[in-house]
Amino acid sequence: MSAQIICVHTSKGGTGKSTITTILASYLTYELSKRVLMIDADAPQFSIDSLRHREQTIYQNISHKCQGFDEVKKALFASQLSVADQAIYERYRHNQQRRITDFYPIYTVEQSELDELDIEKISDSYDYVFFDLGGRFDESIVRTLRFADLVLVPFTTQNIDVMASLEYCLTLADHVKQGHLSDSTQFFCFWNKYKFTFQKKAELIELQLKTKFAAKGISFDFLETRLNDADSGFDRAKMWTTISSPILFKGGQYLNGIARFTEEVIKLSNYQNS
């Protein structure tokens, strides 16, 4: 059975595409034991791949230093780390307890290489394949989205982001109508970095979007979960690739929204796969 291919994408930068993609991939890997592949095609920064390299360097250093330490020495060692390194130490400890030793692979792909990817062949070896795509919307992006089972479009409550994401959705719809994108792909929008004072405007925007796409004969909808600033945003403490953040931060202020969001996405992918 081929993998579920998921893209979190919009043409506007700064909406949290990479953060959300990483959270989903990590949760599926470390909590649900799914075979996950991450393709980082967000050139030139390759933020997810860069994060993995930085994280693993510190992670391996911590692992090496803690060998042979008893619990008292480990606690003393952790207390002397910076806040950022303490977060990685917690991941190291969690992985030890769960016997997690392998991390999902991350491959970097240049824009010029996207057209050459044999996506169908790649997907045969995994349960889920995630693409972290750049903000542009060229032919190589359209080709990649054509293979997607699920495309998630982030909206924030910033007016400029709302307008850009609405325009992006309309462009997606046009590509579906023209046959450039598959009409079997599920398209869902979601609110990220959501401010609760925006509720009335959010409801109006959702209604407008549904009405516009219904007129085009295409189903676009919003996920029920709205991720507020604490849920996601740009807090890099939640964007680690070697642990499932919702479990690590269980009971914290962020996680209720992220857990609901992840469950909702998994249900959609399971429905697509049934």
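Novice: Summarise the pairing of strand S1 (residues 4-8); cite the residues concerned and give the values.
Specialist: With 5 of 5 residues buried, S1 is to be regarded as a mostly interior element. A two-sided burial pattern is seen for S1, the buried positions comprising Gln4, Ile6 and Val8 on one face and Ile5 and Cys7 on the other. Looking at chain direction, S1 and strand S4 (residues 128-133) are connected through 4 bridges and run parallel. Its bridge partner being in S4, Cys7 is matched across the sheet by Phe131. Pairing analysis gives 3 bridges linking S1 to strand S5 (residues 150-155), with the strands arranged parallel. Of the residues in S5, the one forming a bridge with Val8 is Leu152.

Novice: If you had to explain the pattern of salt bridges to someone new, which residues and values would you point to?
Specialist: A side chain with one charge may pair with a side chain of the opposite charge, provided their charged atoms come close. Evaluation of the coordinates by the stated rule reveals 6 salt bridges. Residue Asp127 is joined to Arg35 by a salt bridge in which the shortest nitrogen-to-oxygen separation is 3.1 Å. Separated by 92 residues along the polypeptide, Asp127 in the loop between helix H6 (119-123) and S4 and Arg35 in the loop between helix H1 (17-30) and strand S2 (36-41) bring together distant segments of the chain. Asp221 serves as the salt-bridge partner of Lys210, at 3.2 Å between the closest nitrogen and oxygen. Of this pair, Lys210 sits in helix H9 (residues 199-215) while Asp221 sits in strand S7 (residues 220-228); the two residues are 11 residues apart in sequence, bridging distant segments of the chain. Under the relative-accessibility criterion, Lys210 is labelled partly exposed at 36%. The class of Asp221 is partly exposed, set by a relative accessible area of 28%.

Novice: Help me get a handle on the pairing of S5, residues and values and all.
Specialist: Taking burial as the measure, the 6 residues of S5 include 6 buried ones, the bulk of the element. By the alternation rule, side chains of S5 split into Leu150, Leu152 and Pro154 and Val151, Val153 and Phe155, which are all buried. One ladder, built from 6 bridges, connects S5 with strand S6 (residues 186-194); its direction is parallel. By the bridge assignment, Val151 is partnered in S6 with Phe187. Taken together, S5, helix H8 (residues 159-177) and S6 form a β-α-β motif whose crossover is right-handed.

Rules of the game
Residues numbered from 1 in each chain as written. Predicted model: local features only at pLDDT ≥ 70, side-chain atom pairs only at ≥ 80, totals over all residues. Heavy atoms only, no water. Buried < 20%, exposed > 50% of the residue type's maximum accessible area, 1.4 Å probe, protein only. Helix = DSSP H or I, 4+ residues; strand = E, 2+ residues; numbered from the N terminus. Pairing = 2+ DSSP bridges. Salt bridge = Lys/Arg side-chain N within 4 Å of Asp/Glu carboxyl O. Right-handed = clockwise from strand over helix to strand, strands pointing away.

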